[in-house]
Amino acid sequence: MGNPLYDRLFGIHAGKDTPFLHLPDGQTLTHAAFLDLAAQFANALTGFELEPGERVAVQVEKSPEALALYAACVQTGLIFLPLNTGYTTAELQYFIENSGAKLVVCDDAKAEGLAPIAAAQSARLETLNADGSGSLTRRAMGMLPAFEPVKRTEDDLAAFLYTSGTTGRSKGAMLTQANLLSNAEMLVKEWRFTRDDVLLHALPIFHTHGLFVATNVVLASGGSMIFLPKFDLEDMLRLMPQATSMMGVPTFYTRLLSDGRFTNDLARHMRVFISGSAPLLAETHERFQERTGHRILERYGMTETNMNTSNPYDGERRAGTVGFPLPEVELKVTDPETGALLPQGEIGMIEVRGPNVFSGYWQMPEKTAAELREDGFFITGDLGRVDEDGYVHIVGRGKDLIISGGYNIYPKEVELMLDDQPGVLESAVIGVPHPDFGETVLGILVAEPGQTPNLEAILTNVQGALARFKHPRKLIVLEELPRNTMGKVQKNALRETYRDLFTED
Ligand code: MLC
Ligand code: AMP
């Protein structure tokens, strides 16, 4: 029976002295050395007497050790729950409690704040820092570099990723081994990854894109990656000549284009540039091709489904579209109200079904039932259409969501916070175009009668509670919010009014 995810992503590299991680300091970790490290972490985890299926909540910086911890969770059958490094302690408390994690791994700097939260639910707390040090590593270093993976089936859960909802409460998307494996292996074929590939990896590894797409594809193909702690323009320009491929959010592409040193020459030897997590403007597409001769390959996915569609590797990569449904992924466009299938070409709700689709939200059967149909179709919340050639276009969102630099922000969460502030009667949070982040967060407030809210104090309060990327970049006070006859706030009107706020010179 074995452990399919471990066997097919990691185990296949046993004993191979082939490169896996090229680190910014010039060192390279081979597949064999990485597997040894992962086995040491697995032995360390086993010492904590956790049962397979229990959750490990992990908020750590990107490092080879962080990746080894992911591999260790796979081989011990523990559910890996990575968390954005930007989350505040208040945000983390929810994830730890909701998931019932029995082990929390964080940076030394966060340990004091998280200790009482972990203790309250009898979870163990270990640390792992950006430089790879920490209590967990110390323990792992004393362990044998060999581990017999715990038996698992493809239907067993491998990871939880939290995704916010329109009500402001995050939901834990439960991903099985099969969800991750099917996508990784499918994408290797679709995008022609081989052991000769060197992926320039500057994405965070706490989200689908950086972990389950970029990392898993490299693992499944036997290639290697230049493993950067974060996107840094200088590093990208310096290291691109050593890479064959890159995956990024649109901000990566606009930032590269904004620098004159990013030339045709620098990108000449590259095999493929892939973009996703947020819409790539057709204009960025065209500018990129003019500058480099490369056509970016845009694909579409989400936390609950991994990747759903992709532009073709061979064939026309059509700007403004996300390409075709991946093999084994069924995609249909339905009436958002009734769920009825719409005629080809019409705009409606995108629904997807396939081995990539998650198995539900952790302990939220009602939310699961509302979004995941009994026949297996997942209601994505994205509005789109399929053109006459079969290309999928995403034309909008049925869900109230802002995507800033590839990070999702659910306005409701920020509005709940703003509504609670002194002097604030109500608020509306919208996304407006931003030259760097694609969209950014704008908070619109209505004051309580006779009051003048202190905007600076409000922003300070928000800072303590929410991750930086969710903070409104500006607060505006209005007499009242525009509403339709039903009393619903007209966010479209607000978006229209403020659409040039950050893009005007
Ligand atoms: C950082 N900041 C952001 C931000 N990232 N603010 C808004 N949106 C973001 N995405 C904050 C920083 O904390 C900083 O705060 C300030 O904004 C400017 O920082 P920066 O130095 O310009 O940001 P940087 O660290 O360079 O990060 C920008 C980024 C990064 C785009 C490189 O956000 C990133 O790597 N994004 C990728 C996200 C991702 O992987 N998404 C995939 C989700 S999976 P201050 O205090 O200094 O002002 C998914 C499914 C799918 O969606 O289909 O893939
Ligand atoms: P997340 O919940 O972080 O997984 O974000 C998923 C959402 O990102 C999707 O539902 C889409 O709205 C959006 N998204 C991902 N890829 C693309 C893309 N290529 N174009 C437009 N939107 C995208």
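All figures in this text were calculated on a predicted structure; none of them were measured in a lab.

Caption draft 1: Main features of empty space enclosed by the protein. On inspection of all chains with the given rule, the structure shows two cavities of 30 Å³ or more. Together, Val58, Val60, Ala66, Tyr70, Phe80, Pro82, Leu83, Ile205, Phe206 and Leu211 line the largest cavity. Going through the elements one at a time, helix H3 (64-76) and strand E4 (79-82) are the ones with two or more residues in the lining of the largest cavity. Looking at the lining of the largest cavity, its residues break down into 10 nonpolar, no polar and no charged. When its volume is computed, the second largest cavity comes out at roughly 40 Å³. Those elements that place two or more of their residues in the lining of the second largest cavity are H3 and strand E7 (157-163). A per-class count over the lining of the second largest cavity returns five nonpolar, two polar and one charged.

Caption draft 2: Quick look at the pairing of strand E12 (residues 272-275). Side chains Val272 and Ile274 project from E12 onto one buried face, and the interleaved Phe273 and Ser275 project onto a second face that is buried too. Both strand E11 (residues 245-248) and E12 contribute to a ladder of four bridges, which runs parallel. Note on E12: the bridge partner recorded for Met247 is Ile274. Sheet analysis places E12 next to strand E13 (residues 297-302), joined by two bridges and oriented parallel. The residue of E13 that forms the bridge with Ile274 is Leu297.

Caption draft 3: Here's a closer look at helix H7 (residues 177-190). Taking 1.5 Å of rise per residue, 14 residues should cover 20 Å, and H7 covers 20 Å from first to last C-alpha, within 8% of that figure. Where burial is concerned, most of H7 is hidden: 11 out of the 14 residues are buried. By the burial criterion, the buried members of H7 are Gln177, Ala178, Asn179, Leu180, Leu181, Ser182, Asn183, Ala184, Met186, Leu187 and Val188. Residues of H7 that are buried sit in contact with helix H1 (4-10), H3, E7, strand E8 (171-176), helix H8 (208-221) and strand E14 (306-310). One or two positions beyond H7, positive phi appears at Arg192, with a value near 60 degrees.

Caption draft 4: View of the site of ligand 2. Neighbouring ligand 2 are 17 residues; Arg299, Thr303, Asp382, Lys399 and Asn408 lie closest to it. Here an oxygen atom of ligand 2 sits 2.6 Å away from a polar atom, N or O, in the main chain of Thr303. Lys399 places a polar side-chain atom, nitrogen or oxygen, 2.7 Å from an oxygen atom of ligand 2. Protein contacts shield 92% of the accessible area of ligand 2, which totals 500 Å² for the unbound molecule. Broken down by secondary-structure element, the contributors of at least two residues to the shell around ligand 2 are E13 and strand E19 (392-397). Take the shell around ligand 2: its biggest share by element is five residues, from E13. Of the residues assigned to the shell around ligand 2, the class counts are seven nonpolar, five polar and five charged.

Caption draft 5: The domain arrangement of the chain, seen in detail. Domains assigned within the chain are domain 1 (4-153) and domain 2 (402-497). One C-alpha centre belongs to domain 1, the other to domain 2, and the line joining them spans 36 Å. Domain 1 puts six residues into the contact, and the matching count from domain 2 is 10 residues. Between domain 1 and domain 2, a total of about 440 Å² is buried, with carbon and sulfur atoms accounting for 48% of that surface. Area buried by domain 1 at its contact with domain 2 is led by Asn84, Thr88 and Glu91, which between them contribute 72% of it. If you look at where domain 1 meets domain 2, you find one salt bridge. A salt bridge links Glu91 to Lys470; the shortest N-O distance between them is 2.5 Å. For the pair domain 1 and domain 2, the interface holds three residue pairs in polar contact (both at pLDDT 80 or more).

Cut-off values and rules
Residues numbered from 1 in each chain as written. Chains lettered and ligands numbered in written order. Predicted model: local features only at pLDDT ≥ 70, side-chain atom pairs only at ≥ 80, totals over all residues. Heavy atoms only, no water. 1 Å grid on protein atoms, 1.4 Å probe; cavity = no way out; pocket = protein on both sides within 12 Å on 5 of 7 lines; lining within 4 Å. Points joined across faces, edges and corners; volume = space filled by probe spheres on them. Helix = DSSP H or I, 4+ residues; strand = E, 2+ residues; numbered from the N terminus. Nonpolar A, V, L, I, M, F, W, Y, C, P; charged D, E, K, R; others polar. Buried < 20%, exposed > 50% of the residue type's maximum accessible area, 1.4 Å probe, protein only. Pairing = 2+ DSSP bridges. Expected span 1.5 Å × (residues − 1). Contact = heavy atoms within 4.5 Å. Near = heavy atom within 4 Å. Polar contact = N/O pair within 3.5 Å; in protein donor to acceptor, adjacent residues only side chain to side chain. Areas by Shrake-Rupley, 256 points an atom, 1.4 Å probe, with all protein chains shown as cover. Domains from an automatic or database assignment. Buried area = accessible area lost by both parts, 1.4 Å probe. Salt bridge = Lys/Arg side-chain N within 4 Å of Asp/Glu carboxyl O.

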